[in-house]
Amino acid sequence: MNYIARNILFTSSSDHLTDSSYLALDILAALMKDHTDWHLTIEGYTDNSGKAETNLLLSRKRAIAVQSYLVKKGIAETRVTAVGLGQEHPIADNSTPAGRSINRRVELKITEENQ
């Protein structure tokens, strides 16, 4: 899951997935199909560019973009929850372009239905 999450990226100020994200998303879709008891929570994040309120909305749109892709790949929408958390909890330095790029991310959390 860590590999997949680190490879789902977005362009700045957008919920548009980068082209390099699709391989990771396809792997995720295949795993979800193999593990029908999994429920996925997608947490969307942004860098700290712009207003916090705008970033909160954008982070939700990013999580929804991932959810929508998985649904198009045949994963039931009821198995995937999209949550936006804005610019909270950065994992890299927001003062550099590279750090901001890393902070434009999603995190994936799996729970099993029988738990």
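Definitions and limits used
Residues numbered from 1 in each chain as written. Predicted model: local features only at pLDDT ≥ 70, side-chain atom pairs only at ≥ 80, totals over all residues. Heavy atoms only, no water. Core = buried A, V, L, I, M, F, W, Y, C linked by side-chain atoms within 4.5 Å. Buried < 20%, exposed > 50% of the residue type's maximum accessible area, 1.4 Å probe, protein only. Helix = DSSP H or I, 4+ residues; strand = E, 2+ residues; numbered from the N terminus. Contact = heavy atoms within 4.5 Å. Salt bridge = Lys/Arg side-chain N within 4 Å of Asp/Glu carboxyl O.

Caption draft 1: Structural view of the nonpolar core. Counting 23 residues, the largest nonpolar core has Ile 8, Leu 40, Ile 42, Val 66, Leu 70 and Leu 108 as its most contacted members. When contributions to this core are tallied by element, the ones reaching two or more residues are α1 (2-6), α2 (21-34), β1 (38-44), α3 (52-72), β2 (80-84) and β3 (106-112). If we ignore the near neighbours within four places in the chain, the residues touching Leu 70 are Leu 25, Leu 28, Ala 29, Leu 40, Ile 42, Ile 75 and Val 80.

Caption draft 2: Summary view of the pattern of salt bridges. Counted according to the given criterion, the structure contains 4 salt bridges. Among the ionic pairs, Lys 109 bridges to Glu 43, the shortest N-O distance being 3.6 Å. Here the residue Lys 109 occupies a position in strand β3, and Glu 43 occupies one in strand β1, the gap between them amounting to 66 residues. With a relative accessible area of 40%, Lys 109 lands in the partly exposed category. In this structure, the salt-bridge partner of Arg 104 is Asp 47, at a minimum N-O distance of 2.9 Å. Placement of the pair is Arg 104 in the loop between α4 (97-103) and β3 and Asp 47 in the loop between β1 and α3, with a sequence separation of 57 residues. Of the residues examined, Arg 104 reaches a relative accessible area of 11% and is grouped as buried.

Any functional reading would require information that these geometric values do not contain.
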